[in-house]
Amino acid sequence: MGKRIKPEDIVGKVFQTNSGIDCVVVDYKGSMDVTVKFLDKYEYKTKTQLDRLIKGKIRNLYAPTMFGVGFIGVGKNSAFLDGKETRVYKYWSRMMSRGYSLVCKKAQVTYEDCYVCEDWHCFQNFADWCSLQIGFNSEYHLDKDILVKGNKVYSPDTCCFVPREINNIFTSCAAARGDLPQGVSWHKRDKRYIATLSVNGRPKWLGYYDTKEEAYSQYKTHKEKQVKVVALEWKDKIEPRVFEALMKWNLD
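By convention here, each chain's residues receive numbers from 1 onward along its written sequence. At least 70 in pLDDT is required for a residue's local features to be given in this predicted model, at least 80 for side-chain atom pairs to be given and counted, and no such filter applies to totals for whole chains, interfaces and linings, which use all residues. Excluding hydrogens and water, the side-chain figures rest on all heavy atoms present in the structure.

**So, the overall build of the protein**
A count of helical and extended segments in the protein gives 8 helices and 13 strands. The quantity called the radius of gyration is restricted to C-alpha atoms. Its globule counterpart is 2.2 Å times the number of residues to the power 0.38. For 252 residues, the compact-globule estimate of 2.2 N^0.38 gives 18 Å, and the protein exceeds it by more than 25% at 26 Å. With the principal axes as the frame, the protein shows a C-alpha extent of 95 × 40 × 30 Å. When burial is assessed residue by residue, the protein has 44% of its 252 residues classed as buried. Throughout, a residue-residue contact means that at least one pair of heavy atoms, one from each residue, lies within 4.5 Å. Sequence separation of 24 or more characterises 44% of the internal contacts of the protein that already satisfy a separation of 6 or more. Here a helix means four or more residues in a row that DSSP labels H or I, a strand means two or more in a row labelled E, and each is numbered from the N terminus. Accessibility here uses a 1.4 Å probe with only protein chains present; expressed as a share of the type maximum, an area under 20% marks a residue as buried, one over 50% as exposed, and anything in between as partly exposed.

Here it is, written out as structure tokens:
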């Protein structure tokens, strides 16, 4: 039988987890009841077993496991339920990917300069914010561009939830058309410019024009009208600040 460990033998002793984070034993009530505190700025405390402590098998909920910056944190929000990612965790992980995944940024250049505010590096903080937002329980899309045009940061002040119908308007608006303005294309056979507007995923022809400036002007008029029409349709199902931003929205 091994020597019985006394609290004074282990309290204050530092161990390292398999992820390379140090923790110190702050209380010992037996091999099945050990309290440790992680030696980082959050000083997270958790209970574990001596065997797991020695093997480094302790989870620090403040360890930045998501792209080296994001962490779960301590709170009521679950990242997994019955072995599956929760809906709010999916929102968070996708957002963090857009902010910090080099693969994502390379695949979608629109996310090249995007990042997530420090408060939302913590999953718990993001999930708490989501639970208070109109549209979250309706599985709306998380958007960062409607409230602040050209915005690059995901934060409580710049993000909102919008239905797919609204989000799709701005997705099509960002489509690339080479060096031509948005909504304008060149008809090779007729040698004229064409203005088209995407409506419910289908192109709506707006006419032929002699110059790209004339074609874009027509597209701009119809696009701004389309945004306002959709805003009015969803007025009672979106945040007032979202509705206001849509009604003021215009193409530069």
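**Some words on the pattern of salt bridges**
Each reported salt bridge corresponds to a side-chain nitrogen of Lys or Arg within 4 Å of a carboxyl oxygen of Asp or Glu. For the coordinates displayed, the defined rule picks out 12 salt bridges. Of the charged contacts, one joins D27 and K29 as a salt bridge, the two residues approaching to 2.4 Å between their closest N and O atoms. The exposure class of K29 is exposed, given its relative accessible area of 59%. K41 is paired through a salt bridge with E118; the nearest N and O atoms lie 4.0 Å apart. Of this pair, K41 sits in the loop between β3 (34-38) and β4 (45-48) while E118 sits in the loop between β7 (115-116) and α5 (123-130), placing them 77 residues apart in sequence. E118 shares its class with K41; the two are exposed.

**Comments concerning the sheet that holds strand β12 (residues 192-199)**
Any two strands with at least two DSSP bridges between them are considered paired. Overall, antiparallel pairing links the 3 strands, which are arranged β11-β12-β13 in an open sheet. Looking at strand neighbours, the two that pair on one side only are β11 (184-187) and β13 (202-209), the edges of this open sheet. If you compare each strand with its neighbour and ignore which way they point, the axes differ by 35° on average. In this structure, β11 lies alongside β12, joined through 4 bridges in antiparallel fashion. From the neighbouring strand, W186 faces β12, where its bridge partner is Y193. On the sheet, helix α7 (residues 212-233) packs against β11, β12 and β13 and is oriented at approximately 15° with respect to β12. Simply put, an axis is a line fit to the C-alpha atoms, just over the touching stretch for a helix, and the angle between two N-to-C directions goes from 0 to 180 degrees.

**With respect to the packing of aromatic side chains**
Classification of ring pairs rests on two measures: the distance between centres of Phe, Tyr or Trp rings, Trp counted by its six-membered ring, which must be within 6.5 Å, and the angle between planes, read as stacked under 30 degrees, edge-to-face over 60 and tilted in between. Under the defined criterion, the tally for this structure stands at 21 aromatic pairs. Here the aromatic rings of Y42 and Y62 are separated by 4.6 Å at their centres, their planes lie at 20°, and the arrangement is stacked. Separated by 20 residues along the polypeptide, Y42 in the loop between β3 and β4 and Y62 in the loop between α2 (50-54) and β5 (80-81) bring together distant segments of the chain. Summarising the aromatic geometry, the rings of W205 and Y208 are spaced 5.5 Å apart at their centres and angled 80° between planes, so their arrangement reads as edge-to-face. Look at Y208 and you get partly exposed, because its relative accessible area is 27%. The ring centre of F136 lies 4.6 Å from the NZ or CZ of R87, which sits over that ring. As a reminder, the over-ring test applies to NZ of lysine and CZ of arginine, requiring each to be within 6 Å of the ring centre and within 35 degrees of the ring normal.

**Side note on the pairing of β4**
Side chains on a regular strand alternate between the two faces of the sheet. Only one face of β4 is buried: it carries T46 and T48, and the other face, with K45 and K47, is open. As defined by bridge partners, β3 adjoins β4 across 4 bridges and the pair is classed as antiparallel. Looking at the pairing, V36 lines up with T46 of β4. Counting the residues that bridge the hairpin from β3 to β4 gives 6 residues, and of these E43 lies at a positive phi of roughly 50°.

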